[in-house]
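Spelled out, the chains give:
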Amino acid sequence: MHAWLLPWARWLEHSDLGTAIRTSLWLYPAAEVGHLLGLGVLVGTAVAFDLRLIGAARGLPVDGLARLLLPCARLGFGLLVVTGLLLFSANATTLLSGVFAAKLGAITLGVVNASLFHRGLFPSVAEWNIGMPSPVPVRLTAIISLASWTTALVCGRLLAYL
């Protein structure tokens, strides 16, 4: 990863926060559990919603699923951001790698994709809400979503081993 990030990563790792997370008996495991919970909520809701957009369960209204799942996805994402920063602060210099960059790239793609979907494609939901196949661009955003969140998940898991 870029060498210019190394001084910042060292500072973060040796900050009071990084030291507390790394040396505490309970803080790191609590952050890890919170991260896994956030991951389950975000990825679980994204997969359910994306499967509907791809064509599964066409009898379920897309707008109703969005009202149910989007707040959950936002909660999961928020939990991931907070706990991810805590976990990163504990071992920032070790985690700077191509795998970490790929994880951040996949997260960025997932967030941008979701934003574009909700601002650009979702407003036309009344035309394909129930019983109709989703338009091709909608299905493509669902596939991109599945790929980006899966990639982020896999890269995050690989960080423990690479």
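Here we summarise the structure given alongside this text. In this text the structure is predicted, and so the values were computed from the model without any measurement. (Residues numbered from 1 in each chain as written. Predicted model: local features only at pLDDT ≥ 70, side-chain atom pairs only at ≥ 80, totals over all residues. Heavy atoms only, no water.)

## Quick look at the packing of helix H3 (residues 27–54) against helix H7 (residues 136–158)
Applied cut-off: Axis angles are defined between N-to-C directions and span 0 to 180 degrees, where every axis is a line fitted to C-alpha atoms and, for a helix, only to the segment in contact. By definition, any uninterrupted DSSP run of H or I lasting at least four residues is a helix, any uninterrupted run of E lasting at least two residues is a strand, and each is numbered from the N terminus. Should an angle fall under 35 degrees it is taken as roughly parallel, and over 145 as roughly antiparallel, whereas 65 to 115 is taken as roughly perpendicular and any remaining angle as oblique. By definition, turning the near helix anticlockwise from the far helix through less than a right angle yields a left-handed crossing, and turning it clockwise yields a right-handed one. Residues count as neighbours in contact if any of their non-hydrogen atoms are within 4.5 Å of one another. Classes in brief: Ala, Val, Leu, Ile, Met, Phe, Trp, Tyr, Cys and Pro nonpolar; Asp, Glu, Lys and Arg charged; the others, Gly included, polar.
With their axes 9 Å apart at the nearest point, H3 and H7 run at an angle of 155 degrees to one another. The angle between H3 and H7 falls in the class roughly antiparallel. The interaxial crossing formed by H3 with H7 has left-handed handedness. Along the contact surface, H3 presents Leu39, Leu42, Val43, Ala46, Val47, Asp50, Leu53 and Ile54, while H7 presents Val138, Arg139, Ala142, Ile143, Ser145, Leu146, Trp149 and Leu153. Along the lines of polarity and charge, the residues of the contact of H3 with H7 split into 13 nonpolar, one polar and two charged.

## Brief notes about the layout of surface pockets
Definition in use: Every definition here rests on a 1 Å grid over the protein atoms only: cavities are sets of points where a 1.4 Å probe fits but cannot get out, pockets are open sets enclosed by protein on both sides within 12 Å along at least five of seven lines, and lining residues have some atom within 4 Å of a point. Grid points are joined across faces, edges and corners, and a volume is the space filled by probe spheres set on the points.
Estimates place the volume of the largest pocket at around 880 Å³. Considering the residues around the largest pocket, the lining is formed by 31 residues, among which His35, Gly84, Phe100, Lys103 and Leu159 are closest to the centre. Secondary structure elements with two or more residues in the lining of the largest pocket: helix H1 (5–13), H3, helix H4 (62–90), helix H5 (92–95), helix H6 (98–121) and H7. Of the volumes computed, that of the second largest pocket is approximately 530 Å³. Taken together, 24 residues make up the lining of the second largest pocket; nearest its centre are Leu70, Ala73, Ala114, Ser115 and His118. Listing elements by their share of the lining of the second largest pocket, those giving two or more residues are H3, H4, H6 and H7. With eight residues, H6 is the largest single contributor of residues to the lining of the second largest pocket. For the lining of the second largest pocket, the class distribution of residues is 14 nonpolar, seven polar and three charged.

## As for the nonpolar core
As a reminder, the rule being used: The definition of a nonpolar core used throughout is a set of buried Ala, Val, Leu, Ile, Met, Phe, Trp, Tyr and Cys residues joined through side-chain atoms within 4.5 Å. Buried, partly exposed and exposed residues are distinguished by accessible area as a fraction of the type maximum, computed with a 1.4 Å probe on protein chains only: under 20%, between the cut-offs, and over 50%, respectively.
If you look at the biggest cluster of nonpolar residues, it comprises 12 residues: Phe49, Leu53, Val62, Leu65, Ala66, Leu69, Phe117, Phe122, Val125, Trp128, Val138 and Ala142. At the level of elements, H3, H4 and H7 are the ones that each hand at least two residues to this core. At four residues, H4 tops the list of elements feeding residues into this core. With residues near it in sequence (within four places) discarded, Ala142 still touches Asp50, Leu53 and Ile54. Among the nonpolar cores identified, the runner-up in size contains 11 residues, and Leu5, Ala9, Val99 and Phe100 belong to it.

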